[in-house]
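A structural walkthrough
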Amino acid sequence: MKYIIKKILMMILTLVVVSFCVFLAFSLIPGDPATRKLGTEATPELIMQYREKMGLNDPLLVRYFRWLISFIKGDMGTSYSYSVPVSSMLMNKLPITLTLGIMSFVMMIVISIPLGIYTAKHENGYIDKVIVVINQIIMAVPPFFSGILLTFLFGMIFKLFTPGGFVSYTQDMGAFLKYLILPAISIALPKAAMSTKLLRGSVIAEAEKDYTRTAYSRGNSTTEVLYRHVLKNAMIPVITFMGMALADMIAGSIVIEQVFSIPGISRILLTSISNRDYPVVEAIIMGIAILVIVTNLLVDIIYRIIDPRIETME
Amino acid sequence: MKKFFDNIFRYKSNKKINGYMVAGSIITGLIILMVIVGLFYMPYDPTKMDSSCKLQGISLKHIMGTDNMGRDVFSRVMYGSRVTLLIAIGTVTMGVVIGSIIGAFTGYYGGMLDEVLMRIIDALFAFPSILLALVFVSLFGTGTYQVIISLGIAFVPSFARIVRSEVLRCRNMDYIESARLQGVPDLRIIFVHIIPNTKDTMIPSILIGFNNAVLAEAGLSYLGIGSQPPYASLGKMLSDAQSYMFTTPSYVLSIGMTIVLMILGFAFLGEGLGKDKRG
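Residues numbered from 1 in each chain as written. Chains lettered and ligands numbered in written order. Predicted model: local features only at pLDDT ≥ 70, side-chain atom pairs only at ≥ 80, totals over all residues. Heavy atoms only, no water.

Some words on the overall build of chain A
Each helix and strand in chain A was counted, giving 14 helices and zero strands. Considered along the principal axes of its C-alpha atoms, chain A spans approximately 85 × 55 × 30 Å. Sorting the 314 residues of chain A into buried and exposed places 43% on the buried side. Put simply, 74% of the contacts in chain A that link residues at least 6 apart link residues at least 24 apart. When the accessible surface of chain A is totalled, it reaches about 16,100 Å², and 68% of it is carbon and sulfur. Across chain A, the 27 positively charged side chains and the 21 negatively charged ones have centroids separated by 5 Å. (Helix = DSSP H or I, 4+ residues; strand = E, 2+ residues; numbered from the N terminus. Buried < 20%, exposed > 50% of the residue type's maximum accessible area, 1.4 Å probe, protein only. Contact = heavy atoms within 4.5 Å. Areas by Shrake-Rupley, 256 points an atom, 1.4 Å probe, with all protein chains shown as cover. Lys, Arg positive; Asp, Glu negative; His and termini not counted. Charge placed at Lys NZ, Arg CZ, Asp CG, Glu CD.)

Topic: the side chain of Ser75 of chain B
Residues and elements named next belong to chain B. Assignment of secondary structure puts Ser75 in helix α3 (residues 73-109). Overall, the relative accessible area of 0% leaves Ser75 in the buried class. Here Asp72 takes part through its side chain, which lies 2.7 Å from a polar atom of the side chain of Ser75. Setting aside anything within four residues of it in sequence, one finds Ser75 in contact with Met42, Pro43, Tyr44 and Pro46. (Polar contact = N/O pair within 3.5 Å; in protein donor to acceptor, adjacent residues only side chain to side chain.)

A look at the packing of helix α7 (residues 174-181) of chain B against helix α8 (residues 186-194) of chain B
Residue and element names in this part refer to chain B. Two elements in contact, α7 and α8, have axes separated by 11 Å at closest approach and are oriented at 145°. Crossing of α7 over α8 shows right-handed handedness. Every residue of α8 that contacts α7 at Tyr175, Ile176, Ala179 and Arg180 is listed here: Ile189, His193 and Ile194. Taken together, the residues that form the contact of α7 with α8 break down as five nonpolar, one polar and one charged. (Axes fitted to C-alpha atoms, helices over the stretch in contact; angles between N-to-C directions. Left-handed = near helix turned anticlockwise from the far one by under 90°. Nonpolar A, V, L, I, M, F, W, Y, C, P; charged D, E, K, R; others polar.)

Points about the nonpolar core
Leu238 and Ile255 of chain B are the most contacted members of the largest nonpolar core, which has 157 residues in total. At 19 residues, the largest contribution of residues to this core is made by helix α11 (residues 222-259) of chain A. The residues that make up this core include at least three from each of domain 1 (2-80) and domain 2 (94-274) of chain A. When near neighbours in sequence (up to four residues on either side) are disregarded, Leu238 of chain B contacts Phe144, Phe145 and Ile148 of chain A together with Tyr222, Val252, Ile255, Gly256 and Ile259 of chain B. (Core = buried A, V, L, I, M, F, W, Y, C linked by side-chain atoms within 4.5 Å. Domains from an automatic or database assignment.)

Digging into the packing of aromatic side chains
Following the criterion strictly, the structure yields 16 aromatic pairs over all chains and no others. Centroid distance Phe166 of chain A to Phe176 of chain A: 5.8 Å. Interplanar angle 80°. Geometry classified as edge-to-face. Of this pair, Phe166 of chain A sits in the loop between α8 (143-157) and α9 (173-207) while Phe176 of chain A sits in helix α9, and the two are ten residues apart along the sequence. With a relative accessible area of 1%, Phe176 of chain A lands in the buried category. Ring geometry for Tyr108 of chain B and Tyr109 of chain B: centres 5.2 Å apart, planes at 90°, overall edge-to-face. By relative accessible area, which is 8% here, Tyr108 of chain B ends up buried. (Phe/Tyr/Trp six-rings, centres within 6.5 Å; stacked < 30°, edge-to-face > 60°.)

Digging into the environment of Phe159 of chain B
Residues and elements named next belong to chain B. Relative to the elements of secondary structure, Phe159 occurs in helix α6 (residues 144-171). Residues Phe159 and Arg71, 88 residues apart in the sequence, show an inter-C-alpha distance of 40 Å. Ignoring anything within four residues of it in the chain, the contact list for Phe159 reads Val92, Gly95, Val96, Gly99, Met202, Ser205, Ile206 and Gly209.

Some remarks on unusual backbone geometry
Residues and elements named next belong to chain A. Of note in this structure, Asn124 is not a glycine but carries a positive phi near 65°. Relative to the helices and strands, Asn124 is located in the loop between α6 (94-121) and α7 (126-140). For Asn124, a relative accessible area of 49% translates into the label partly exposed. If you check the backbone angles, Ser261 has positive phi at about 40° while not being a glycine. Mapping Ser261 onto the fold places it in the loop between α11 and α12 (265-275).

Things to note about the side chain of Glu257 of chain A
Residue and element names in this part refer to chain A. With respect to the helices, strands and loops of the structure, Glu257 is situated in helix α11. One buried charged residue, Glu257, remains without a salt bridge, the closest side chain of opposite sign being Arg267 at 7.4 Å. Engagement of the side chain of Glu257 in a polar contact is seen with the backbone nitrogen of Ser266, the distance being 2.9 Å. Aside from chain neighbours lying at most four places away, what touches Glu257 is Thr97, Leu100, Ile262, Gly264, Ile265, Ser266 and Arg267. (Salt bridge = Lys/Arg side-chain N within 4 Å of Asp/Glu carboxyl O.)

A word on the interface of chain A and chain B
Contact with chain A, which involves 41 residues of that partner, is made by 37 residues of chain B. Viewed at the interface, chain B and chain A are joined by one salt bridge. Across the contact surface, chain A and chain B share three residue pairs in polar contact (both at pLDDT 80 or more). Those elements giving two or more residues to the side of chain A that touches chain B turn out to be α1 (2-28), α7, α8, α11, α12 and α13 (278-306) of chain A.

Here's the deal with the packing of helix α4 (residues 111-126) of chain B against α6 of chain B
Residue and element names in this part refer to chain B. Running from amino to carboxyl end, α4 crosses α6 at an angle of 135°, the nearest separation of the two axes being 9 Å. What the angle tells us is that α4 and α6 run oblique. Once α4 is placed against α6, the crossing between them reads as left-handed. Between α4, through Asp114, Met118, Ile121, Asp122, Leu124 and Phe125, and α6, the contact on the second element is made entirely by Pro157, Ser158, Ala160, Arg161 and Arg164. Of the residues that constitute the contact of α4 with α6, the class distribution is six nonpolar, one polar and four charged. (Parallel < 35°, antiparallel > 145°, perpendicular 65-115°, else oblique.)

Overview of the pattern of salt bridges
Residues and elements named next belong to chain A. In the structure shown here, the tally under the stated rule is eleven salt bridges over all chains. For Lys209, the salt bridge identified is with Glu206, shortest N-O distance 3.3 Å. By relative accessible area, Glu206 is classed as buried at 11%.

Some points on the confidence of the model for chain B
Residue and element names in this part refer to chain B. Counting all residues, the mean pLDDT for chain B is 82, and 90% of those residues have values of 70 or more. No element of chain B has a lower mean pLDDT than helix α1 (residues 2-9), at 60, and none a higher one than α3, at 90. Scoring the predicted complex yields pTM 0.83 and, for the interface, ipTM 0.80. (pLDDT = per-residue confidence, 0-100.)

Now the structure itself:
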């Protein structure tokens, strides 16, 4: 329990540091929000009035805490270009991006864990050798290109997929999920290849250790040794990787949404970046930062469950 | 150089040929050859449009076909690879130099500065690099140099971490201790005695860095952020080509395959070197 509380405190500290960095970065950008809002024609008096009203003349720290508190309350500011609250802009797009991220995450786990165990078990067999080489190649195919290849394959040759035929989840949940399968595969493939490789290496390394030999000498079968002893230890680096991969996959969906023309967070992020609509960019970055940090916390807690020794090591 | 070839082909020893090393060297060599040849000779002008031969497939005249404006795809790929490779080199150089400096100082001196910097680096490291680059692009604006700077900053954390752990490993070794006793200044110890000893770990990570840089650059320029047309890099060309996927598959495939080969070459080299060290 003490371990988890310590980790949660660390997480809050990191969140504060990260949010301050994000806030600082976006306040240092040249360009005055007041001028942006009122246009270049505005008189200096008008600008001063606006700045006073919006609290832009307050010291940095005061502005930071005001921003942080309203952010926690769910008020992420107002978009410069559309003059609507950022939260309402993001709310109906968020489920799309999250579904895509989670789908690809699940796919990665479903593909890589059985493959990793299989290849480790049959190390240097024919299938293992083929999978190792295929893995290397898949890792080199960028998700956006595998997305294009998949569209070509399933859209043109098998005619199972309509490019650009996105259906929103509010209209038809089944069709929505069906459309997301190919994008999710293209995000998941390289990550699944990496995690297969990692799991294979890690199982092989663990299998050479003394405790494995002891487990065998006590009359356990290969399956028992593998699932009860080896896998528990072998999973630790893989879980670290998967934790990092989750954030990567959500970020990777930015590109993939573009490939499959899915109207998720990505389009908003890209137009906001080119329009310099900072409140929107800020909110999205903070959202992903929170996701990354919370995932790290979960990974730490999962470690603790798998391997209680970790607590005493720190 | 001779040692390099010996390492690749293992003429002198009886060890098994390192397949990854051979494949990686050939692929990367071909890509670099293509870029270097492209500096002096290209079959066509990559920006010259010719409305009489739009969207042609593969032929002897145009070995990768032509695009929607009748430009020769192979010449454009030659040019685009140069842009992509330059951005990758710039990015990795920036990441390595800044990362090494941060890692070396924090690792060597430790203390409060180390704690604070490493917390920030850890937080940055957990962040997906393409997203980090997007943040910096939104701060600096779009363009070739902005992309190099943005990606470079995004690559600093991983190199800083590697160098720091290497410096920590070397810091208390006897030869460093004896250098210190001889009164060698800290800066000289760090840069002359410690940094060269990190090369075994650094070279594979630099190759992996190239691999990631090409991937990240292609991703960014696919999104339309980065070097602007007509001098587009490979990612931008790929996103242009995507619309013609069903009419002229050769266009999109040849560009995509070039990106894949580029990444594959660096990945194989990195893997091969890693294997070499493990034996």
